[in-house]
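Structure assessment
Listed here are the chains, written in short residue letters.
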Amino acid sequence: MTAAAQLRSSLEGLSAALESFQFRVPGTGQAAKERSRAELVRSIREYLLPRLDDPDAPVVAVLVGPTGSGKSIMLNSLAGQRASEPGALRPTTRSPVVWTNRRHARRYQTLLGGLIGRENSGVVAGDDGITDQLTVIDAPDFDSVYADSRVIGEQVLAVADLCIFVASALRYADGAAWEFLDQIRLRGLPILFVLNRLGPDPEARKLILGDFAAMLKDRDLLLEADSSLIFDVSEQVVYPRHGGLHADAVAAIRQELALISDPGLRRAVVRQSTEGAVAEVIEKVGSIVDGIAEDRSIVTTLHTLAEEAYAAELTTSKQLVQAGSLMTPVGVDSREALQRELASALSRRCGVAARNAAAAWDSTDEGHALLQVADTLWRHGAETPAVAEGESTAWLDAIGKSLEATVRRARPRRKAAAALATALLSGQPSEEGEADAQAALVADLEDRVATVLAQDADRFLALTQRVAISDGLGDTISALAAEVSAGAGEFYR
Ligand SMILES: Nc1nc2c(ncn2[C@@H]2O[C@H](COP(=O)(O)OP(=O)(O)OP(=O)(O)O)[C@@H](O)[C@H]2O)c(=O)[nH]1
Ligand SMILES: [Mg+2]
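This brings us to the packing of helix α2 (residues 30-53) against helix α9 (residues 263-323). Where α2 contacts α9, the axes come no closer than 10 Å and their chain directions differ by 150°. With respect to each other, α2 and α9 are oriented roughly antiparallel. Handedness of the α2/α9 crossing: left-handed. Residues Lys33, Ser36, Arg37, Leu40, Ser43, Ile44, Tyr47, Leu48, Arg51 and Leu52 of α2 touch α9, and the partners they reach there are Val270, Thr274, Ala277, Val278, Val281, Lys284, Ser287, Ile288 and Gly291. For the contact of α2 with α9, the residue count by class is 10 nonpolar, 5 polar and 4 charged.

The subject of this paragraph is the pairing of strand β5 (residues 162-168). Burial within β5 is extensive, with 7 of its 7 residues counted as buried. Taking every second residue as pointing to the same face, both faces of β5 are buried, with Leu162, Ile164, Val166 and Ser168 on one and Cys163, Phe165 and Ala167 on the other. With 4 bridges connecting them, strand β1 (residues 59-64) and β5 associate as parallel partners. Its bridge partner being in β5, valine 64 is matched across the sheet by phenylalanine 165. Judged from the 6 bridges that link them, β5 and strand β6 (residues 191-198) form a sheet pairing that is parallel.

The subject of this paragraph is the sheet that holds strand β7 (residues 230-234). Ordered by their spatial adjacency, 7 strands build an open sheet running β3-β2-β4-β1-β5-β6-β7, and the pairing between neighbours is mixed. Each edge of the sheet is formed by a strand with only one pairing partner; in this case those strands are β3 (122-126) and β7. Neighbour to neighbour, the strand axes of the sheet diverge by 20° on average, direction disregarded.

Calculation notes
Residues numbered from 1 in each chain as written. Chains lettered and ligands numbered in written order. Predicted model: local features only at pLDDT ≥ 70, side-chain atom pairs only at ≥ 80, totals over all residues. Axes fitted to C-alpha atoms, helices over the stretch in contact; angles between N-to-C directions. Helix = DSSP H or I, 4+ residues; strand = E, 2+ residues; numbered from the N terminus. Parallel < 35°, antiparallel > 145°, perpendicular 65-115°, else oblique. Left-handed = near helix turned anticlockwise from the far one by under 90°. Contact = placed C-beta atoms within 7 Å. Nonpolar A, V, L, I, M, F, W, Y, C, P; charged D, E, K, R; others polar. Buried ≥ 20, exposed ≤ 12 C-beta atoms within 10 Å, placed from the backbone. Pairing = 2+ DSSP bridges.

Have a look at this one:
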């Protein structure tokens, strides 16, 4: 197998393992854990695998930056056409716009899990020479009031080979931008910096550009605090015809992007961005594996808490049976009434166990959250009365059977059985019957209490099973990540 095929197949395996489960334990970290799992799958499935399959596909450059910095205007200026609608209302671009060559347009129809094709977005295809080897995507901002803007921005970033960061000279130093840039840097993406809307005063321009360059250098985003590494664009008229600036304003940026047509440079860019993406995947797998371990330990704890509550209740119930106080069979002499009373006593014990188990869960964050979705756990299960009914009938039948040898006729035997049951439930074994046989009947009752409790406990245990992540999956994922890492070592050697 070639190094590329090897890396590809280990990434496939890793992605499949990451898709084979979900973080289901509710509570504080769940949403974040699920998001990072999904992001990881996306960057493998939507970026790395297609990229490794087709290294000669156009380089994807993504325009990113704060809302209103001029990203859409920048795309229109590069394209010389109204590709993306710019606007005064913030934010304007709500879903990505792809500017590409007709030959490549089909590639992007299904990109980004259907994000493209929504209202006000889509694929704009033309025949500009620069798009032979380059596709530019205008992304939504990352800092607007719309939370989904940010999520979409991150998804677009995941498929990028290159970033064009557009900042506005009016406001280039704010927090959200740095946070976002950090994310890009972690991903190892090459970045071009554009400072837009600079004023005409040369002194002020020098100052602002120098300041911006120094800030980028401070954050390891530029090698040198050298303002010539930043593309400067003056505030100027936006042509209504194409919603962009005069071609001269972006000539230097276009020239830089045109270098991509050099196969060597393109390979280097793709290499840097895929290598960065692989490194990021491997790093993020670590926190997924930690998350799995965390979920597993929470599930074990909850499982144990429920088991302990039911085990404690079984002990108590057995003591009650021995003491003759599981129920008070006062005035109960008919078999039907006894059966009913015993069944409801068994359900009551389950109710006590359930309340204790739920209270134990409630004292933990995750247990509390699980109880929000399963609030019937505070009471005995809906099936429990029927199960209790069955067990109490079976116990009375067993008593009847034990009397078959001594009381031959059915009617008197029923009466005798009710009397013996009453005696046993009161903790006062009858003097007439055999002691051994009576002890066995008490033991049988204890077993039946255990059966009813166990089926009631199953509700708790089934719920923990439902949110549990299977044993060994964390190790499997770690091993697959190690394989990816080894494959990358070979491939990027
Ligand atoms: N006159 C002038 N206006 C500009 C210039 N650059 C940006 N603008 C203004 O900034 C506004 C926002 O530009 P857009 O290109 O829509 O900004 P954006 O970064 O795409 O914003 P979002 O889509 O919200 O993220 C435009 O409506 C223009 O009025 C410029 O060089 N000259
Ligand atoms: Mg825009």
